[in-house]
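Listed here are the chains, written in short residue letters.
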Amino acid sequence: MKKKLLAVALTATMMLSSVMSVFAVDAKDTISGDLTVTTFFNEKTDAVELKSGDSYTFKFKDKCGGTNNYENYVMAITGAIGDEYTGADQEVLILRADSWGWGGKMSDFAAPDAAAGNKLVFENSIGEDWATWLAAAQAGFDCEVTIARDGNSLKYDAKTGDHTISCTATSGIDLPESCYVFFTGENCTLTGITTTKGQAESIKPAETTEAPSTTSEDQKMKPSVADKGDNQFVVSTAAEEEEGNSNTVIFIAIAVVAVVVIAGVVVVVTKKKK
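Let me begin by describing the structure that accompanies this report. (Residues numbered from 1 in each chain as written. Predicted model: local features only at pLDDT ≥ 70, side-chain atom pairs only at ≥ 80, totals over all residues. Heavy atoms only, no water.)

This part covers the overall build of the protein chain. Tallying secondary structure elements over the protein chain gives 4 helices and 16 strands in all. Out of the 274 residues in the protein chain, the part that is buried amounts to 43%. Long-range pairs, those at least 24 residues apart, make up 70% of the contacts in the protein chain between residues at least 6 apart in sequence. Split by element, the accessible area of the protein chain, about 14200 Å² in all, is 55% carbon and sulfur. (Helix = DSSP H or I, 4+ residues; strand = E, 2+ residues; numbered from the N terminus. Buried < 20%, exposed > 50% of the residue type's maximum accessible area, 1.4 Å probe, protein only. Contact = heavy atoms within 4.5 Å. Areas by Shrake-Rupley, 256 points an atom, 1.4 Å probe, with all protein chains shown as cover.)

Next up, the structure:
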């Protein structure tokens, strides 16, 4: 009986540790290696620190595992990592591979389709030909992503296959002295990630005139979610909410089982000693 209880406790603890490790993000000098992302924002790379004057260029191969533009890499810029990072409250800017993004509570950035606010303006060479772009992503294309910071201004330049995407934005509220950059995504694999650190040049504020939209209807329909834990920018479908609630219940159940079983083992061991 004792061995069975120990086995159950060990299994539950390992499962819980495995789940928690998926969400852990540590600060490193560089981001490297491979990353397979299942559901949105689930798995993440480590992070590099981004201060004013810093610039990073990341290279990797992105392979889309789905049928939607947004099922590719996501680059996150946050004001905290590790246990201090819980979601939207610590987010500065979330940038998707398909020329889309939004801000968190550590900036005043807003999605391009927001009703008001400091809306992000993207420029890209894709135009309306998202079908060709998606086909290239599904086959797997080489990406080169650069993020630079000058005070409260951020400049994003990306090359995804044969196309370029860029966005320059200045926050109306001060950004944290230390920001952190990491990669995640949805239903995709990022392989051969490399990092090169450089020095950012002075960033000119973006033009205030809003550029013509090059966003497909599929992009606008996709819920803009910085973290499925607690940050949803548009109303989800009932099915998505039910799925999220179910995942939360399963996670809590694993944690409770681990705690209860371990407590039971302690009691059994104590009685045995007496």
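Don't stop here, the text continues.
Turning to the packing of aromatic side chains, a few remarks are in order. In the structure shown here, the tally under the stated rule is 10 aromatic pairs. Taken together, a centroid distance of 6.0 Å and an interplanar angle of 65° make the contact between Y73 and F183 edge-to-face. Here Y73 is found in strand 4 (residues 73-78), whereas its partner F183 is found in strand 13 (residues 179-185), with 110 residues between them in sequence. By relative accessible area, Y73 is classed as buried at 0%. According to the relative accessible area criterion, F183 is buried, its value standing at 0%. (Phe/Tyr/Trp six-rings, centres within 6.5 Å; stacked < 30°, edge-to-face > 60°.)

Once that is clear, we can look at the side chain of S107. Tracing the chain through its elements places S107 in the loop between strand 6 (100-103) and strand 7 (109-110). Residue classification places S107 among the buried residues on the basis of a relative accessible area of 7%.

F58, Y73, M75, I77, I147 and Y156 are the most contacted members of the largest nonpolar core, which totals 41 residues. One finds V74, I81, W102 and Y180 within the second-largest nonpolar core, a separate group that totals 14 residues. (Core = buried A, V, L, I, M, F, W, Y, C linked by side-chain atoms within 4.5 Å.)

Once that is clear, we can look at the pairing of strand 3 (residues 54-64). Looking along a regular strand, one sees the side chains alternate between the two faces of the sheet. With 8 of 11 residues buried, strand 3 is to be regarded as a mostly interior element. Of the pairings in the sheet, the one linking strand 3 to strand 10 (residues 141-150) comprises 8 bridges and is antiparallel in character. Bridging across to strand 10, Y56 finds its partner in I147. (Pairing = 2+ DSSP bridges.)

Turning next to the sheet that holds strand 3. The antiparallel open sheet is built from 7 strands, whose spatial order is 1-14-3-10-11-12-9. Looking at the sheet topology across the chains shown, the edges are occupied by strand 1 (33-37) and strand 9 (122-124). Pairwise comparison of adjacent strand axes, ignoring direction, gives a mean angle of 20° for this sheet. Of the pairings in the sheet, the one linking strand 11 (residues 153-160) to strand 12 (residues 163-170) comprises 8 bridges and is antiparallel in character. Bridged to A158 within strand 12 is I165. Strands strand 3, strand 9, strand 10, strand 11 and strand 12 of the sheet are contacted by helix 2 (residues 130-139), whose axis makes an angle of about 85° with strand 3. (Axes fitted to C-alpha atoms, helices over the stretch in contact; angles between N-to-C directions.)

With the rule as written, the count across this model stands at 5 salt bridges. In this structure, E49 and K51 form a salt bridge, with 4.0 Å as the shortest nitrogen-oxygen distance. Residue classification places K51 among the partly exposed positions, given a relative accessible area of 32%. (Salt bridge = Lys/Arg side-chain N within 4 Å of Asp/Glu carboxyl O.)

Consider a sheet: its strands pair through backbone hydrogen bonds, and that pairing is either parallel or antiparallel. What the 5 strands build is an open sheet, ordered 2-13-4-5-6; its pairing is antiparallel. Here the strands that pair on one side only, and so sit at the sheet edges, are strand 2 (48-50) and strand 6. Averaged over all pairs of adjacent strands, the angle between strand axes in this sheet comes to 25°, irrespective of strand direction. Across 4 bridges, the pairing between strand 5 (residues 91-96) and strand 6 is antiparallel. The residue bridging R96 from the neighbouring strand is W100, located in strand 6.

Further remarks concern helix 2. Taken together, the buried positions of helix 2 are W130, W133, L134 and A137. Along the axis of helix 2, the buried residues cluster in a sector spanning 95°; they form a single face. Facing away from the buried surface of helix 2 by more than 90 degrees, the exposed residues are A131 and A139. Looking one or two residues beyond helix 2, the residue adopting positive phi is G140, at roughly 100°. (Arc of directions from axis to C-beta.)

This part takes up unusual backbone geometry. Phi is positive for S99, close to 60°, though the residue is something other than glycine. Relative to the elements of secondary structure, S99 occurs in the loop between strand 5 and strand 6. Although it is not a glycine, N187 adopts a positive phi angle of roughly 50°. As for its position among the elements, N187 is in the loop between strand 13 and strand 14 (188-199). By relative accessible area, N187 is classed as partly exposed at 27%.

Nothing here speaks to function; it is geometry throughout.
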